[in-house]
Amino acid sequence: MRHRRKGRRLGRSSSHRMALLRNLATALFVHERIRTTEPRCRELRRFAEKLITLAKRGDLQAHRRVARDVHDPRVRIKLFEVLAPRYAERPGGYTRMLKLGPRQGDCAAMALIELVDNEIEFEE
């Protein structure tokens, strides 16, 4: 039973799951839009929004906590200098999830996750 347990396991061990979420969050912050499966998208939304909220604080402890999860220094700079000011007035809800339908090969439910208020046009 999984009473009162948050989050999805995604068929991985805890360290593998954290590595997956860190890589997905880094890709989301670089490209501002990524395509993945719906369960990954739902977990990524929780993870990425916490990182953006930390970046909005902007103090030393926030920098250290973000550096624990985002290993690329260029992405950290973008997070603190571009994304945090963009969402300074927004109290939450920094991401948007759009369902895309099943994937061709294995019929997995796909979704698009993107940062709101970005300048990139929708291409699909």
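See above for the structure.
Thresholds applied
- Residues numbered from 1 in each chain as written.
- Predicted model: local features only at pLDDT ≥ 70, side-chain atom pairs only at ≥ 80, totals over all residues.
- Heavy atoms only, no water.
- Axes fitted to C-alpha atoms, helices over the stretch in contact; angles between N-to-C directions.
- Helix = DSSP H or I, 4+ residues; strand = E, 2+ residues; numbered from the N terminus.
- Parallel < 35°, antiparallel > 145°, perpendicular 65-115°, else oblique.
- Left-handed = near helix turned anticlockwise from the far one by under 90°.
- Contact = heavy atoms within 4.5 Å.
- Nonpolar A, V, L, I, M, F, W, Y, C, P; charged D, E, K, R; others polar.
- Buried < 20%, exposed > 50% of the residue type's maximum accessible area, 1.4 Å probe, protein only.
- Pairing = 2+ DSSP bridges.

S.K.: Would you mind going over the packing of helix α1 (residues 14–31) against helix α4 (residues 73–86) in detail, with residue names and values included?
M.R.: At a closest axis distance of 10 Å, the pairing of α1 and α4 adopts a crossing angle of 50°. Between α1 and α4, the angle falls in the class oblique. Between α1 and α4 lies a crossing whose hand is left-handed. Side by side, α1 and α4 meet where Thr 26, Phe 29 and Val 30 of the first sit next to Val 75, Lys 78, Leu 79 and Leu 83 of the second. For the contact of α1 with α4, a count of residues per class yields five nonpolar, one polar and one charged.

S.K.: Lay out the side chain of Thr 26 with the relevant residues and their values.
M.R.: Turning to its location among the elements, Thr 26 is positioned in helix α1. Taking relative accessible area as the criterion, Thr 26 reaches 17% and is therefore assigned buried. Aside from chain neighbours lying at most four places away, what touches Thr 26 is Val 70, Asp 72 and Val 75.

S.K.: An account of unusual backbone geometry is needed here, citing residue identities and associated values.
M.R.: Located in the positive-phi region is Arg 4, a residue other than glycine, with phi close to 60°. With respect to the helices and strands, Arg 4 occurs in the segment before α1. Of the residues examined, Arg 4 reaches a relative accessible area of 87% and is grouped as exposed. In the Ramachandran plot, Glu 32 falls in the positive-phi region, its phi being about 65° despite a non-glycine side chain. Examined against the element boundaries, Glu 32 turns out to sit in the loop between α1 and β1 (33–37). Among the residues examined, Glu 32 registers a relative accessible area of 6% and is labelled buried.

S.K.: Give a detailed account of the sheet that holds strand β2 (residues 95–102), specifying residues and quantitative values.
M.R.: Spatial strand order, β1-β3-β2: three strands in an open sheet with antiparallel pairing. Looking at the sheet topology across the chains shown, the edges are occupied by β1 and β2. Averaged over all adjacent pairs, the angle separating strand axes in this sheet is 25°, with direction ignored.

Keep in mind these values describe shape, not function.
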